[in-house]
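Residue-level structure breakdown
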There are 2 protein chains.
Amino acid sequence: MNSDVRDPTRQEPWQNLKALIQAGSRHVLPSYIGSLTATELALAVSRLSQEEHTRLLGLLSPQDAAELIEQIEDVQAVDLIKDLPPAEAAAIVDEMYSDAQADLLGDLKDEEAEAILEAMPDETAEEVRQLLQYPDETAGGIMLTEFVSFPGDYSVQDVIEDLRNRHEEYTGYDVQYLYVSDGAKLSGVLRLRDVLMALPAQRLTEIMVEDPVRVNVLSSLEQMRDLFETHTYLGLPVTNESGELVGVVRAADVQEKLTEQTESEFRKASGIVGGEELRSMPVLKRASRRLSWLSVNVVLNILAASVIAFYQDTLEKAITLAVFLPIISDMSGCSGNQAVAVSIRELALGLVRPREILRVLVKEASVGLMNGLVLGALLAGAALLWKGNPYLGLIVGTALAANTLLAACLGGFIPLALRAMKADPALASGPMLTTVTDMCGFFMLLSLAQFVLPKLT
Amino acid sequence: MNSDVRDPTRQEPWQNLKALIQAGSRHVLPSYIGSLTATELALAVSRLSQEEHTRLLGLLSPQDAAELIEQIEDVQAVDLIKDLPPAEAAAIVDEMYSDAQADLLGDLKDEEAEAILEAMPDETAEEVRQLLQYPDETAGGIMLTEFVSFPGDYSVQDVIEDLRNRHEEYTGYDVQYLYVSDGAKLSGVLRLRDVLMALPAQRLTEIMVEDPVRVNVLSSLEQMRDLFETHTYLGLPVTNESGELVGVVRAADVQEKLTEQTESEFRKASGIVGGEELRSMPVLKRASRRLSWLSVNVVLNILAASVIAFYQDTLEKAITLAVFLPIISDMSGCSGNQAVAVSIRELALGLVRPREILRVLVKEASVGLMNGLVLGALLAGAALLWKGNPYLGLIVGTALAANTLLAACLGGFIPLALRAMKADPALASGPMLTTVTDMCGFFMLLSLAQFVLPKLT
């Protein structure tokens, strides 16, 4: 895709799409959409108005609409589907893969999802309801319920015949492995190539891998990643508490969820809370979500800055210090955030456990001390050059050095403490860190200044 | 893995591993390592000393060592391998999969990688050198060169016989698809299940998918993600400029690289530069890498704060303002970082192009204006409550409101501009943003203060 170097006189895909919707081209639309890549499609959909979204879905068959929805971003899919009449939405959802159905309905508001489920065929609705019970980041939440299993006394020939006969039905399935079950219980796994290399008369029990590696419906993303890293499977069977085979998770889907999780942590650490934000969303929604984060921060900031108010007299006598207050605040934030990022990363990799706080503090203290000394010396030098006053240099350097040490230790510690308390480190670490380091930094600089005040003025 | 709730009297895996290395248990080690999950192994390896690393690899066969290295984190693998004598390292690398070989050697320093390559068998070394030519985040950089292809005039029976005969050799292969080639050129793709359902006498050309979707060796990660989102393949063939089949990329590997890319952006935005940091790394390396980022920031901070120095007289007369300077600086940073995060995300998804600056500015201006008004009103209210001076409230509120608007626009704009200049938005956006917003924020508050100075004192 070289959309950037295309002939500029050609229309952009989103302009073409708009035109086709305008014209109500029921026949051209599906093939035009089919000719776009997932990225072009996501971009085009993001440039349509709410009204055009509804018209677009109305012009497509449920199958074509389902395909479109599976290609665009999750957050766009929700936007597209939520304003449709439940019956139309249900017809589309009914055409989707089981994991995509659960994803989409799970992202809708409960009452919206319920309305769609009620308009769906009972059997499918029941299956989706089952899937919706599992939290999003568990095996149950990301598994596919489309899989192929056979009784163990089937022969290789029986299997090949079944695959031939039900060819149509299996087309949409993601068949990597065939499963062997004893009643509903999982008893073995077959790779397709093992079937290919077996003799037609052999029983599945003879050639299957017995007691195969499996995950529980409630297994976490980390447990699944761990298994896929330990072995090199493409997919794993999912069983419930009674050992019954209920679905398959694919390695690629686990990786995709991990990408989403990292993206979500990145967003939260940047203050984008309440879910993903695209600029095509309504401005009020974007503004109010961002504000929910900012308004907490402004209160914390006022709290931290109130330390300065206590030292107003000192500051008035040595006004030069006012220049250094924001520097100490910003720099401590930077040093602390580095340590926060390392802790969040090590927690995700399982390289540190929430209880190993002492180890983290020791490791961060050494880095914080070294960098504090260097940064403190730099700032002291700058102060000395500017004002020629060694006392000023001494106190700003000391305050920055001490606060860098503190920030590194705190930044390392806070994510572990939050995790131990089952809180979200990505969301809360930043504001907690900067509030404390700001307060301590202001306090250190201004109380040091009190001691040497006659030398500063 | 519930390592946290284990009996605390039991030894941790890393303690056991240390003991086994100490005892030189050549026989127990491989099976003990085999019993650990990838996460336990990564944790255990991170707690070993450099000397224990070397001893551990010396106690394992090259095969076992290769398996260990493929399971732990990339950055740990580099640490483990780089201090080995080249011949020992070469024996281990020789046992790894082609994509893991290229990954590992690509992460080493050039001279270290060259020493290992020279100690490897010529043919394998040549293959790895080929792979190393491709940038890390292209199809060539992540493809596997192990694949199975057949000439088109083979019959299904021929294929099945070949698979049976070369069973041993293919064990390590990740066979999802069989490829059909005309000379070295890719001419078709077969799914295993299509082979399974075909008649033994059919020619591959009759049952293969002709002119299959493929990627070029230089295709980017985004192009591959796009293809895997557009279609639901598990893997795609990789061809070179002449249309020759040179490898396969798996959807799971593309997803894994995307996770790594997001993690790397998160790290860079948090000021962890120069690659991943684990706390098991030498303290000097950790401190100096972090410092390289901090020292740039301290200079930028001094630059920004110098604006305050210009207004020293004003500030001296209305010392209360000193309390608000860090608040305006921090809050503008928060508002701007939100916009940066949204821009980085939209760039990654292809929902905004670097040239669409005007669209982004309009979208950010509306959010920035709304939130600026709310935050400004909040801060004005706080100032009024504290000092009872409406003029103070007016100027701090106005400065924060105006600077929030500016921060949102700048935060949206900077990543696009950096991307257009082929620079890395994740790395540079933060410091650029806060430097400009600090300068403008300080300037606005203090110059507004000059106008109403008699009312403030």
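Residues numbered from 1 in each chain as written. Chains lettered and ligands numbered in written order. Predicted model: local features only at pLDDT ≥ 70, side-chain atom pairs only at ≥ 80, totals over all residues. Heavy atoms only, no water.

**Let's talk about the sheet that holds strand β7 (residues 245–250) of chain B**
Residue and element names in this part refer to chain B. Quick note on the threshold: Whether two strands pair depends on DSSP finding at least two bridges between them. In this description a helix means any DSSP run of H or I spanning at least four residues, a strand means any run of E spanning at least two, and both kinds are numbered starting from the N terminus.
With respect to topology, 3 strands assemble into an open sheet ordered β5-β6-β7, the strand pairing being mixed. Where the open sheet ends on each side, the last strands, each with one partner, are β5 (215–216) and β7. Sheet topology note: the β5/strand β6 (residues 235–239) ladder contains 2 bridges and is parallel. Across the sheet, the residue bridging to N216 is T239, located in β6.

**Comments concerning the packing of aromatic side chains**
The line we're drawing: Two aromatic rings, drawn from Phe, Tyr or Trp (for Trp, its six-membered ring), form a pair once their centres lie within 6.5 Å of each other, and the interplanar angle then sorts them: stacked below 30 degrees, edge-to-face above 60, tilted otherwise. Buried means the residue's accessible area, taken with a 1.4 Å probe over protein chains only, is under 20% of the maximum for its type, while exposed means over 50%, and partly exposed covers the values in between. Counted as over-ring charges are cases with an Arg CZ or a Lys NZ within 6 Å of the ring centre that also lie within 35 degrees of the ring normal.
Taken as a whole, this structure holds 9 aromatic pairs over all chains when the rule is applied. Seen from their ring centres, F147 of chain A and Y179 of chain A are 6.4 Å apart, and the 90 degrees between their planes marks the pair as edge-to-face. In this pair, F147 of chain A is assigned in the loop between α11 (139–142) and β1 (149–151) and Y179 of chain A in strand β2 (residues 177–182), connecting sequence segments 32 residues apart. Given the relative accessible area of 22%, F147 of chain A is considered partly exposed. Using a relative accessible area of 2% as the deciding quantity, one classes Y179 of chain A as buried. Aromatic side chains F324 of chain B and W386 of chain B sit 6.1 Å apart centroid to centroid with 50 degrees between the ring planes, which places their arrangement in the tilted category. Separated by 62 residues along the polypeptide, F324 of chain B in helix α20 (residues 321–349) and W386 of chain B in helix α21 (residues 357–387) bring together distant segments of the chain. In this structure, K387 of chain A packs its charged tip against the face of W386 of chain A, placed 4.5 Å from the ring centre.

**Focus on a negative patch on the surface**
All names here are of chain A. Basically, it comes down to this: Each patch is built from salt-bridge-free residues with over 30% relative accessible area, joining like charges within 9 Å and nonpolar side chains (Val, Leu, Ile, Met, Phe, Trp, Tyr) within 5 Å. Method for areas: the Shrake-Rupley scheme with a 1.4 Å probe, in which residue coverage is limited to the protein chains shown. For salt bridges, the criterion is a side-chain nitrogen of Lys or Arg within 4 Å of an Asp or Glu carboxyl oxygen. All tallies of charge rest on Lys and Arg as positive and Asp and Glu as negative; His and the ends of each chain are not included. Charge placement uses NZ in Lys and CZ in Arg. For Asp and Glu, CG and CD serve respectively.
A grouping of D122, E123, E126 and E127 is seen on the molecular surface, where their side chains present a negatively charged patch. Residue position: E126 is located in helix α10 (residues 122–132). Residue classification places E126 among the partly exposed positions, given a relative accessible area of 41%.

**Section: the packing of helix α17 (residues 251–269) of chain A against helix α17 (residues 251–269) of chain B**
Applied cut-off: Think of each axis as a best-fit line through the C-alpha atoms, taken over the contacting stretch in the case of a helix, with angles from 0 to 180 degrees between the N-to-C directions. These descriptions rest on fixed angle ranges, namely under 35 degrees for roughly parallel, over 145 for roughly antiparallel, 65 to 115 for roughly perpendicular, and the rest for oblique. We call a crossing left-handed when the near helix sits turned anticlockwise from the far one by less than a right angle, and right-handed when that turn is clockwise. In this description, contact between two residues means that some pair of their heavy atoms is separated by no more than 4.5 Å. For this scheme, ten residues count as nonpolar: Ala, Val, Leu, Ile, Met, Phe, Trp, Tyr, Cys and Pro. Four count as charged, namely Asp, Glu, Lys and Arg, and the remainder, Gly too, count as polar.
Running from N to C, α17 of chain A and α17 of chain B cross one another at 15 degrees; their axes reach a closest spacing of 8 Å. Compared by their axis directions, α17 of chain A and α17 of chain B come out roughly parallel. Considering the relative orientation of α17 of chain A and α17 of chain B, their crossing is left-handed. Where α17 of chain A abuts α17 of chain B, its residues A251, A252, Q255, E256, L258, T259, T262, E263, E265, F266 and A269 of chain A lie against A251, A252, Q255, E256, L258, T259, T262, E263, E265, F266 and A269 of chain B. Of the residues contributing to the contact of α17 of chain A with α17 of chain B, the split by class is 10 nonpolar, 6 polar and 6 charged.

**Regarding helix α9 (residues 110–118) of chain B**
Residues and elements named next belong to chain B. Which entries qualify depends on this criterion: To be clear, the arc concerns the directions from the helix axis to the C-beta atoms.
All buried positions along α9 are accounted for by A113, I116 and L117. Along α9, the residues classed as buried sweep out an arc of 100 degrees about the axis, all on the same side. For α9, the exposed residues lying more than 90 degrees away from the buried face are E111 and E118. On the buried face of α9, the contacting elements are α7 (86–93), α8 (98–107) and α10 (122–133).

**With respect to the sheet that holds strand β3 (residues 185–191) of chain B**
Residues and elements named next belong to chain B. Across the sheet, which stays open at both edges, the 4 strands sit in the order β1-β2-β3-β4 with mixed pairing between neighbours. At either margin of the open sheet sits one strand with a lone partner, and together these are β1 (149–151) and β4 (209–210). Taken together, the 2 bridges between β3 and β4 define a ladder with antiparallel strand orientation. Within β4, the residue paired with V189 across the bridge is V209.

**Remarks on the pairing of strand β6 (residues 235–239) of chain A**
The side chains of a regular strand alternate between the sheet's two faces. Residue and element names in this part refer to chain A. In terms of burial, β6 is largely enclosed, as 5 of its 5 residues are buried. Examined bridge by bridge, β6 and strand β7 (residues 245–250) share 5 bridges and lie antiparallel to one another. In the strand pairing of β7, T239 is matched with L245.

**Focus: the state of the cysteines**
Covalently bonding the sulfur atom of one cysteine to the sulfur atom of another cysteine gives a disulfide. Test applied: When the sulfur atoms of two cysteines come within 2.5 Å, that pair is taken as a disulfide.
Enumeration over the complete set of coordinates arrives at 0 disulfides over all chains. Sulfur of C334 of chain A: no disulfide; nearest cysteine sulfur belongs to C334 of chain B and is 12 Å away.

**Observations concerning the pattern of salt bridges**
If charged atoms from side chains of opposite charge come close, those side chains can pair. One pass over the full model with this rule turns up 49 salt bridges over all chains. For R166 of chain B, the salt bridge identified is with D162 of chain B, shortest N-O distance 3.2 Å. The shortest N-O distance in the salt bridge between R353 of chain B and E356 of chain B comes to 3.7 Å. As far as the burial class goes, R353 of chain B and E356 of chain B line up, both buried. What emerges from the salt-bridge pattern is a single network uniting E277, R279, R286 and R290 of chain A together with E346 and E364 of chain B.

**Topic: the nonpolar core**
Going by this rule: For the purposes of this section, nonpolar cores are sets of buried Ala, Val, Leu, Ile, Met, Phe, Trp, Tyr and Cys residues that join through side-chain atoms within 4.5 Å.
In this structure, L321 of chain A together with L321 of chain B are the most contacted members of the largest nonpolar core, which totals 73 residues. Discounting chain neighbours no more than four positions away, the residues touching L321 of chain B are L315, L392, I395, L445, L446, A449 and L456 of chain B.

**Quick word on the relation of the copies chain A and chain B**
Rules: Least squares is the method for superposing the copies, and the C-alpha atoms it fits come from residues with pLDDT of at least 70 in both.
Note on the copies: chain A fits chain B at an RMSD of 0.1 Å, the axial shift is 0.0 Å, and the rotation between them is 180 degrees. Taken together, the turn and the small shift mark the pair as related by a two-fold rotation axis. Counting the interface residues of chain A, we find that 100% of their copies in chain B are interface residues as well, pointing to one common contact surface.

**Concerning the interface of chain A and chain B**
What counts is decided by this rule: For any pair of parts, buried area is found by adding up, for both, the accessible area (1.4 Å probe) each one loses once the two are put together. Throughout this description, a polar contact denotes any pair of N or O atoms lying within 3.5 Å of each other; where both atoms belong to protein, one of them has to be capable of donating a hydrogen while the other can accept it, and for residues adjacent in sequence the pair is counted only when both atoms sit in side chains.
Contact residues are listed per partner, giving 121 residues for chain A and 122 residues for chain B. Across the chain A/chain B interface, buried area totals approximately 11400 Å², and carbon plus sulfur atoms make up 59% of it. On the chain A side of the interface with chain B, the three residues burying the most area are L196, F266 and R279 of chain A, jointly 8% of the side's total. On inspection of chain A and its partner chain B, the count reaches 20 salt bridges. Between R345 of chain B and E276 of chain A there is a salt bridge; the shortest N-O distance is 2.6 Å. At the boundary of chain A with chain B, the tally comes to 51 residue pairs in polar contact (both at pLDDT 80 or more). It is helix α20 (residues 321–349) of chain A that provides the largest number of residues to the side of chain A that touches chain B, a total of 18 residues. Taken together, the residues of the side of chain A that touches chain B sort by class into 60 nonpolar, 31 polar and 30 charged.

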